[in-house]
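Listed here are the chains, written in short residue letters.
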Amino acid sequence: MYTLYGTQGTGSCIIEIALQRCGVEWRQVDACSWEDSAGSEALAQINPLKQIPTLQRPDGSVLTESAAILIHLGLQFPASELLPEEPAQVIRGLVYIAANCYSAIGIIDYPERWTDSADAQQHEQLISGTRRRLHGAWEVFADQFADQLVTSQQVPNALGIMAAAVSRWAGGREALQQSRPEFARVLAKVDVDPIVAPVFARHWPL
């Protein structure tokens, strides 16, 4: 059985959806780096950075990084169609989000980790500049990957799932609705997929 370490409103939703698509047995342990709990202590034992999502495979080995987990599941369970037969561009897109979007959101959420200054104004400047760069990165993503998010049957693949989730943070989706409305509509279609929608509703209840 797979064990997913994560918590509400985080990237663990991406892996929840992927595990459902793979049709495997799995359980979730509620854990995160910003709260002390039994789950967080267990997470620290297998991932010292306490990053979520973290996925423990049935053989006990550990996977971190959302993109890497999605690539593993897509390769391990090809019937899930998380990855296409020629996966290069989808893998490229997953790494793009991790490098350019996920990382920027970490700075926006925790500016104090990225500067020695305790000055609140400097933190706000860092947040503002990073948010601007993040929204620009989403525009580039939209221009290059718009046709890579779904299978030939219009089912979201790993890239579509990750893009739909991560674009919800730091105003990404709202910025895309203004600058790339057609792409925002593609993401909205991912949102309502029968497997995606209930997971998103649990993580981001209205």
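Rules used throughout
- Residues numbered from 1 in each chain as written.
- Predicted model: local features only at pLDDT ≥ 70, side-chain atom pairs only at ≥ 80, totals over all residues.
- Heavy atoms only, no water.
- Pairing = 2+ DSSP bridges.
- Helix = DSSP H or I, 4+ residues; strand = E, 2+ residues; numbered from the N terminus.
- Axes fitted to C-alpha atoms, helices over the stretch in contact; angles between N-to-C directions.
- Patch = residues over 30% accessible without salt bridge, like charges linked within 9 Å, V, L, I, M, F, W, Y side chains within 5 Å.
- Areas by Shrake-Rupley, 256 points an atom, 1.4 Å probe, with all protein chains shown as cover.
- Salt bridge = Lys/Arg side-chain N within 4 Å of Asp/Glu carboxyl O.
- Lys, Arg positive; Asp, Glu negative; His and termini not counted.
- Charge placed at Lys NZ, Arg CZ, Asp CG, Glu CD.
- Right-handed = clockwise from strand over helix to strand, strands pointing away.
- Buried < 20%, exposed > 50% of the residue type's maximum accessible area, 1.4 Å probe, protein only.

As annotated in an unreviewed UniProt entry, the protein is Glutathione S-transferase from Pseudomonas yamanorum.

How should I be thinking about the sheet that holds strand 1 (residues 2-6) in this particular structure?
Strands in a sheet are paired, the pairing made by backbone hydrogen bonds, and the direction either parallel or antiparallel. Across the sheet, which stays open at both edges, the four strands sit in the order 2-1-3-4 with mixed pairing between neighbours. Edge positions in the open sheet fall to strand 2 (26-30) and strand 4 (62-64), since each of these has one partner strand only. Averaged over all pairs of adjacent strands, the angle between their axes in this sheet comes to 20°, without regard to strand direction. Bridge count between strand 1 and strand 3 (residues 54-56): three bridges; the pairing is antiparallel. Each residue of the ladder has a partner; that of Thr3, found in strand 3, is Gln56.

Explain a negative patch on the surface to me, please; I cannot follow it from the model alone.
A contiguous patch of negative charge, built from Asp30, Glu35, Asp36 and Glu41, is present on the exposed surface. Structurally, the position occupied by Asp30 is in strand 2.

Help me understand the pairing of strand 2, please; the structure alone is not making it clear to me.
Residues in a regular strand project their side chains so that they alternate between the two faces of the sheet. Two strands pair when backbone bridges link them, and strand 1 and strand 2 are joined in this way by five bridges, in the parallel orientation. Bridging across to strand 2, Gly6 finds its partner in Asp30. Regarding the hand of the β-α-β motif, the stretch spanning strand 1, helix 1 (residues 12-22) and strand 2 is right-handed.

Just checking my understanding: could you explain the pattern of salt bridges for this structure?
Where side chains of opposite charge bring their charged atoms close, a pairing between them can arise. Tallying each qualifying case throughout the model produces four salt bridges. Between Asp143 and Arg180 there is a salt bridge whose closest N-O contact spans 2.8 Å. Of this pair, Asp143 sits in helix 5 (residues 120-145) while Arg180 sits in the loop between helix 7 (172-179) and helix 8 (181-191), placing them 37 residues apart in sequence. Look at Asp143 and you get exposed, because its relative accessible area is 53%. Taking the relative accessible area as the measure of exposure, Arg180 reaches 25% and is therefore partly exposed. Among the ionic pairs, Arg173 bridges to Asp191, the shortest N-O distance being 2.8 Å. Of this pair, Arg173 sits in helix 7 while Asp191 sits in helix 8, and the two are 18 residues apart along the sequence. One network of salt bridges, in which partners are shared, links Arg168, Arg173 and Asp191.

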